[in-house]
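# Coordinate analysis (summary)
Each chain, written out:
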Amino acid sequence: LTVDRRWTDTTVNASADQPSATNWQVHMYGGLARRPEITEDGFAMVLCHEIGHHLGGYPYVQDWAANEGQSDTHAVGACAVKMFAPNVLLSEQALADLPQNMKDKCDAHYAAARERDLCYRTMVAGKSLGDLLAALGNSTVNFDTPDTTVVTRTNNDHPAAQCRLDTYVAGALCG
């Protein structure tokens, strides 16, 4: 796995390339890192999402790349767990930014303090990314207003910001 760090590039995005026989490549852009909505954990979640295009599995948008929703699911359910595992604790400010009802949901799903803290941290990271996507799309996201849209077929496009936050919340609560 190669992470191409394009810090001088002002692009607010990240991407994954079709893998070669010997390498998977992910591009991370400085414009994304410098957005005020993106926290360190939010940036890590983006990296996890891009890795998810390689490892997330079906459904695929191309013959090698998991679609956007599946990459989000991989990001929160597999990658963030490993990335945040060495230190699951949030800063006091980040913990204060997580609404009590979301803390209560984590508390109800996980008995161990470490798992609850990981749930909190994952939700806050997902909110950072949701806030960015909402700002770019001229909308807002909120933990308390999940998207109730029911789809009739697989959506391979980029989901709306609220739907993506909802995916991160669901993944955080999926033991």
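Shown above is the structure to which this text applies.
### Notes on helix α3 (residues 68-84)
The largest bend in α3 comes to about 40°, at Ala75. For α3, the complete set of buried residues consists of Glu68, Ser71, Asp72, His74, Ala75, Val76, Cys79, Ala80 and Phe84. Buried residues in α3 make contact with α2 (40-55), α6 (113-136) and α7 (161-172). The distance from a side-chain oxygen at the start of α3 to the backbone nitrogen of Gly69 is 3.3 Å, and the residue carrying that oxygen is Asn67.

### Focus: the pairing of strand β3 (residues 25-29)
For β3, a buried count of four out of five residues is recorded, marking the element as mostly surrounded by other parts of the structure. Of the pairings in the sheet, the one linking strand β2 (residues 14-16) to β3 comprises three bridges and is antiparallel in character. Bridge pairing links Ala14 to Met28 in β3.

### A short note on the packing of α2 against α3
Interhelical geometry of α2 versus α3 gives an angle of 120° and a closest axis separation of 7 Å. Put simply, α2 runs oblique to α3. Once α2 is placed against α3, the crossing between them reads as right-handed. Here Asp41, Ala44, Met45, Leu47, Cys48, His49, Ile51, Gly52, His53 and Leu55 of α2 come into contact with α3, specifically with Glu68, Ser71, Asp72, His74, Ala75, Val76, Cys79, Ala80, Met83 and Phe84. Its residues placed into classes, the contact of α2 with α3 shows 12 nonpolar, five polar and three charged.

### Some remarks on unusual backbone geometry
A cis amide bond links Tyr58 to the next residue, Pro59, at an omega of 5°. Along the chain, Pro59 falls in the loop between α2 and α3. The phi dihedral of Asn138 falls on the positive side, at around 60°, and the residue is not glycine. Position of Asn138 among the secondary structure elements: in the loop between α6 and α7.

The rules we used
- Residues numbered from 1 in each chain as written.
- Predicted model: local features only at pLDDT ≥ 70, side-chain atom pairs only at ≥ 80, totals over all residues.
- Heavy atoms only, no water.
- Bend = angle between axes of the 7 residues up to and from the residue.
- Helix = DSSP H or I, 4+ residues; strand = E, 2+ residues; numbered from the N terminus.
- Buried < 20%, exposed > 50% of the residue type's maximum accessible area, 1.4 Å probe, protein only.
- Contact = heavy atoms within 4.5 Å.
- Polar contact = N/O pair within 3.5 Å; in protein donor to acceptor, adjacent residues only side chain to side chain.
- Pairing = 2+ DSSP bridges.
- Axes fitted to C-alpha atoms, helices over the stretch in contact; angles between N-to-C directions.
- Parallel < 35°, antiparallel > 145°, perpendicular 65-115°, else oblique.
- Left-handed = near helix turned anticlockwise from the far one by under 90°.
- Nonpolar A, V, L, I, M, F, W, Y, C, P; charged D, E, K, R; others polar.

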